[in-house]
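The lines below spell out each chain.
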There are 2 protein chains.
Amino acid sequence: MDIQDYLKQQQEKIDTFLTQVVPPGNPLAKTLYESMQYSLLGGGKRIRPILTLAAAEAVGCQGQLIMPYAAALELIHTYSLVHDDLPAMDNDDYRRGRPTNHKVYGDGLAILAGDALLTMAFELCSQPATESGIPADRQVNVMYELAVGAGHDGMVGGQVMDIQAENQDIDLITLQTIHNYKTGKLIRAAVRIGSLLGGATQVQLENLTGYAEDIGLAFQIADDVLNMTGTREELGKDAGTDAKRGKKTYPSFYGIDGARDLAEDCISRALRRLDDFDDRADPLRSLANYVVHRRN
Amino acid sequence: MDIQDYLKQQQEKIDTFLTQVVPPGNPLAKTLYESMQYSLLGGGKRIRPILTLAAAEAVGCQGQLIMPYAAALELIHTYSLVHDDLPAMDNDDYRRGRPTNHKVYGDGLAILAGDALLTMAFELCSQPATESGIPADRQVNVMYELAVGAGHDGMVGGQVMDIQAENQDIDLITLQTIHNYKTGKLIRAAVRIGSLLGGATQVQLENLTGYAEDIGLAFQIADDVLNMTGTREELGKDAGTDAKRGKKTYPSFYGIDGARDLAEDCISRALRRLDDFDDRADPLRSLANYVVHRRN
């Protein structure tokens, strides 16, 4: 399969859904909805929702039923970017080639838009079972995965670890832990949520979880490499920011080539996890290669 | 019943539960857990979780099963205070008689602690049905109520409305809408969640929803009055801040006495909603009176 075609097709599906997700809203809170839409619809690779859809497909479930849950992952990812970009955190002015949310709407609105996007993720996942077409116990499991992957023992925890570690002389184990929490746990949730919704067996769920952990690590290594080697045009945000902030990265331990090799090892492991799956897992196979070979 | 005794008893139960809710956590994110605990365990009237427990009791359901959901409401309330107090929003230095979260941990950590508290609310509500003892479809309904009450079309929406209206010459209808979103919708969710968990009939749910809407309004009117008449010692935060910010309040439309009368009317309406309930609704009855007669 052609991964670029596949990605484009899935991105379009997801973007169509996301366009309808944020309602016009109450006019008294007009700027909230504008601010949410600004960040949600401002491009983005949609990796996490694509992983959710692909994991569901790998266990034999396709279609629109999965879409609200896939979208929930993108809402959470988007909120995390909006909050991370704030002056109180990374203080970034550009994101996906455009001014960051707080540069356009101010810090207060950016905080609230992030809060609303995060909360809306759970609104999307908790539609009544009769409408959602997903058994209620599965919905509950999915929301638990989402909350744990996104929260104190997941993405938010990782963000705090990252802040605490800035300008500290951390070792490789610590770096790996930070990345695992900051990026890995939400990617893991994305894949597990798709698997659970699709009705994966326990063995399938374990293999897909392993796949997710492997590509999550590869994703972060590739991000570190891109931060060093990419241009502002390719990345849609400032390049070389890690080095400027004195942040430890995979290339700072292994060099650029060593980091790239490590990412390839992860991908090989991830692919072996899919050995017992048929060709409905081809999107997951292609995605594994994509995460390390992408240009942004 | 003695409302002060009842409140004290329920607060202790809830505080005991909340103390165990935030785990020690990963040492690499130590400050996150400290920051979450600082705000979650820093006192507070626990009105929302008490309403959840009392609503469940009114329809005949008591006990520890309800506690995680009640706690979830307090987590959401706490996160909203942490974010609202930030310099980018209300810029308050004191809360519940202590320095606000960002004054102790910095703005970045306060934002992330708020994010983690919000996410953890959904973690608490999505424990597997086998462990939670609540049917999964009820859990899904509860999480939907929570997400809608807390999010863009609820509390967060109200916060944005409030910011947009500052220093504007708003009319009474607009004031009422803002308060309804900012405070009313989460109180409504607290009562509905208790009712749903307790297995309320459709008629009971409607009456309890009406009760919640009436006391929610009364609660906000009382808050406006307290902001004008209370002292910093009573309130645990600065008094008279609304007038300083040029905010329109119920007393600015009705005068202090007029606002108090209006709150009493709401309480009478709320009590009539409970006419068909037996003495298990007595806590709800006492709470209705308490929300307007409290001193902080």
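Above: the structure in question.
A few points on the structure. Because the structure is predicted, anything quoted here is derived from the model rather than measured.

### Topic: the overall build of chain A
- Counting its secondary structure elements, chain A contains 15 helices and 2 strands.
- Relative to the compact-globule value of 19 Å for 296 residues, chain A shows a C-alpha radius of gyration of 18 Å, a close match.
- Its C-alpha atoms give chain A principal-axis dimensions of about 55 × 50 × 35 Å.
- Out of the 296 residues belonging to chain A, those deemed buried represent 57%.
- Once local pairs closer than 6 in sequence are excluded, the contacts in chain A between residues at least 24 apart make up 74%.
- Carbon and sulfur atoms provide 46% of the accessible area of chain A, an area that totals close to 11400 Å².
- Across chain A, the mean location of the 29 positive side-chain charges is 2 Å away from that of the 41 negative side-chain charges.

### A few points about the side chain of Thr249 of chain B
All names here are of chain B.
- Within the secondary structure, Thr249 sits in the loop between α13 (241–244) and α14 (250–272).
- Judged by its relative accessible area of 5%, Thr249 falls in the buried class.
- The residues contacting Thr249, other than those within four sequence positions of it, are Leu175, Asp224 and Asp242.

### So, the relation of the copies chain A and chain B
- Overlaying chain A with chain B gives an RMSD of 0.0 Å, the required rotation being 180 degrees about an axis along which the chain moves by 0.0 Å. Taken together, the rotation and translation relating the two chain copies correspond to the operation of a two-fold axis. Residue Ala136 of chain A of chain A places its C-alpha closer to the rotation axis than any other residue of that unit, at 2.7 Å.
- Comparing interface residues between copies, 100% of those in chain A also sit at the interface in chain B, which points to an isologous, same-surface contact.

### Some remarks on the interface of chain A and chain B
- If you look at the interface, chain A gives 51 residues, while chain B gives 51 residues.
- A buried area of about 4300 Å², summed over both sides, lies between chain A and chain B, and 73% of it is on carbon and sulfur atoms.
- Considering only the surface of chain A that becomes buried against chain B, Leu28, Leu112 and His152 of chain A emerge as the three largest contributors, covering 17% of it.
- Viewed at the interface, chain B and chain A are joined by 14 residue pairs in polar contact (both at pLDDT 80 or more).
- Elements represented by at least two residues in the side of chain A that touches chain B include exactly α2 (30–40), α4 (67–84), α6 (107–125), α8 (136–150), α9 (155–165) and α10 (172–197) of chain A.

### Remarks on the packing of helix α11 (residues 202–229) of chain B against α14 of chain B
All names here are of chain B.
- Orientation of α11 relative to α14, taken along the N-to-C sense of each, is 150 degrees, at an axis distance of 8 Å. Helix-helix and strand crossings are classified by hand; for α11 and α14 the assignment is left-handed. For the pair α11 and α14, the contacting residues are Tyr211, Asp214, Ile215, Leu217, Ala218, Gln220, Ile221, Asp224, Val225, Met228 and Thr229 in the first and Tyr250, Pro251, Ile256, Ala259, Arg260, Leu262, Ala263, Cys266, Ile267, Arg269 and Ala270 in the second.
- Residues of the contact of α11 with α14, tallied by class, amount to 16 nonpolar, 2 polar and 4 charged.

### So, the packing of aromatic side chains
- According to the stated counting rule, one finds 3 aromatic pairs over all chains in the structure shown.
- Judged by centre distance (4.2 Å) and plane angle (5 degrees), the ring pair of Phe122 of chain A and Phe122 of chain B falls under stacked. With Phe122 of chain A in helix α6 and Phe122 of chain B in helix α6 (residues 107–125), this residue pair bridges two chains. The same class applies to Phe122 of chain A and to Phe122 of chain B, which are both buried.
- Summarising the aromatic geometry, the rings of Tyr38 of chain B and Tyr105 of chain B are spaced 5.7 Å apart at their centres and angled 70 degrees between planes, so their arrangement reads as edge-to-face. Here the residue Tyr38 of chain B occupies a position in helix α2 (residues 30–40), and Tyr105 of chain B occupies one in helix α5 (residues 101–105), the gap between them amounting to 67 residues.
- The ring centre of Phe253 of chain A lies 5.2 Å from the NZ or CZ of Lys248 of chain A, which sits over that ring.
- A cation over a ring is seen here: Arg98 of chain B above Tyr38 of chain B, with NZ or CZ 3.9 Å from the ring centre.

### Quick look at the environment of Pro128 of chain A
- Note on placement: Pro128 of chain A falls in the loop between α6 and α7 (129–132).
- Sequence spacing of Pro128 of chain A and Gln139 of chain A is 11 residues, and the spatial spacing of their C-alpha atoms is 9.5 Å.

### Details of the side chain of Thr100 of chain B
Residues and elements named next belong to chain B.
- You can see Thr100 is positioned in the loop between β2 (98–99) and α5.
- Under the relative-accessibility criterion, Thr100 is labelled buried at 1%.
- Of the polar contacts made by the side chain of Thr100, one reaches the backbone oxygen of Asp92; its length is 2.8 Å.

### What to know about the pattern of salt bridges
All names here are of chain A.
- In this structure the tally under the stated criterion is 34 salt bridges over all chains.
- Arg95 serves as the salt-bridge partner of Asp85, at 2.8 Å between the closest nitrogen and oxygen. Of the two residues, Asp85 sits in the loop between α4 and β1 (94–95) while Arg95 sits in strand β1, which places them 10 residues apart along the sequence. The exposure classification of Asp85 matches that of Arg95, with both residues buried.
- Here Lys103 and Asp93 are joined by a salt bridge, their closest N and O atoms 3.8 Å apart.

### A short note on the environment of Cys61 of chain B
Residues and elements named next belong to chain B.
- Locating Cys61 in the fold gives a position in the loop between α3 (47–58) and α4 (67–84).
- Residue class for Cys61 comes out buried when judged on its relative accessible area of 18%.
- Spatially, the C-alpha atoms of Cys61 and Thr241 are 41 Å apart, while their sequence positions differ by 180 residues.
- In contact with Cys61, other than residues within four places in its own chain, are Ala56, Ile66 and Gly198.

### Notes on helix α14 (residues 250–272) of chain A
Residue and element names in this part refer to chain A.
- The end-to-end C-alpha distance of α14 is 23 Å, clearly below the 33 Å that 23 residues give at a rise of 1.5 Å each.
- In α14, a bend of some 95 degrees at Ile256 exceeds every other bend along the element.
- Tyr250, Pro251, Ala259, Ala263, Cys266, Ile267 and Ala270 are the residues of α14 that are buried.
- Buried residues belonging to α14 abut α10, α11 (202–229) and α15 (282–293).

### With respect to unusual backbone geometry
Residue and element names in this part refer to chain A.
- A positive phi is found at Arg46, a non-glycine position, where the angle reads about 60 degrees.
- Among the structural elements, Arg46 can be located in the loop between α2 and α3 (47–58).
- Residue classification places Arg46 among the buried residues on the basis of a relative accessible area of 2%.

### Some details on the packing of α6 of chain A against α6 of chain B
- Where α6 of chain A meets α6 of chain B, the closest approach of the two axes is 10 Å, and the angle between their N-to-C directions is 15 degrees. Between α6 of chain A and α6 of chain B, the interaxial angle falls into the category roughly parallel. Considering how the two elements wind past one another, α6 of chain A and α6 of chain B form a crossing that is right-handed. Listed contacts from α6 of chain B to Ile111, Asp115, Leu118, Thr119 and Phe122 of chain A of α6 of chain A are Ile111, Asp115, Leu118, Thr119 and Phe122 of chain B.
- Looking at the contact of α6 of chain A with α6 of chain B, its residues break down into 6 nonpolar, 2 polar and 2 charged.

Criteria and cut-off values
Residues numbered from 1 in each chain as written. Chains lettered and ligands numbered in written order. Predicted model: local features only at pLDDT ≥ 70, side-chain atom pairs only at ≥ 80, totals over all residues. Heavy atoms only, no water. Helix = DSSP H or I, 4+ residues; strand = E, 2+ residues; numbered from the N terminus. Rg over C-alpha atoms; globule rule 2.2 N^0.38 Å. Buried < 20%, exposed > 50% of the residue type's maximum accessible area, 1.4 Å probe, protein only. Contact = heavy atoms within 4.5 Å. Areas by Shrake-Rupley, 256 points an atom, 1.4 Å probe, with all protein chains shown as cover. Lys, Arg positive; Asp, Glu negative; His and termini not counted. Charge placed at Lys NZ, Arg CZ, Asp CG, Glu CD. Least-squares fit on C-alpha atoms with pLDDT ≥ 70 in both. Buried area = accessible area lost by both parts, 1.4 Å probe. Polar contact = N/O pair within 3.5 Å; in protein donor to acceptor, adjacent residues only side chain to side chain. Axes fitted to C-alpha atoms, helices over the stretch in contact; angles between N-to-C directions. Left-handed = near helix turned anticlockwise from the far one by under 90°. Nonpolar A, V, L, I, M, F, W, Y, C, P; charged D, E, K, R; others polar. Phe/Tyr/Trp six-rings, centres within 6.5 Å; stacked < 30°, edge-to-face > 60°. Lys NZ or Arg CZ within 6 Å of the ring centre and 35° of its normal. Salt bridge = Lys/Arg side-chain N within 4 Å of Asp/Glu carboxyl O. Expected span 1.5 Å × (residues − 1). Bend = angle between axes of the 7 residues up to and from the residue. Parallel < 35°, antiparallel > 145°, perpendicular 65-115°, else oblique.

Take it as geometry only, folks, not as evidence of what the structure does.
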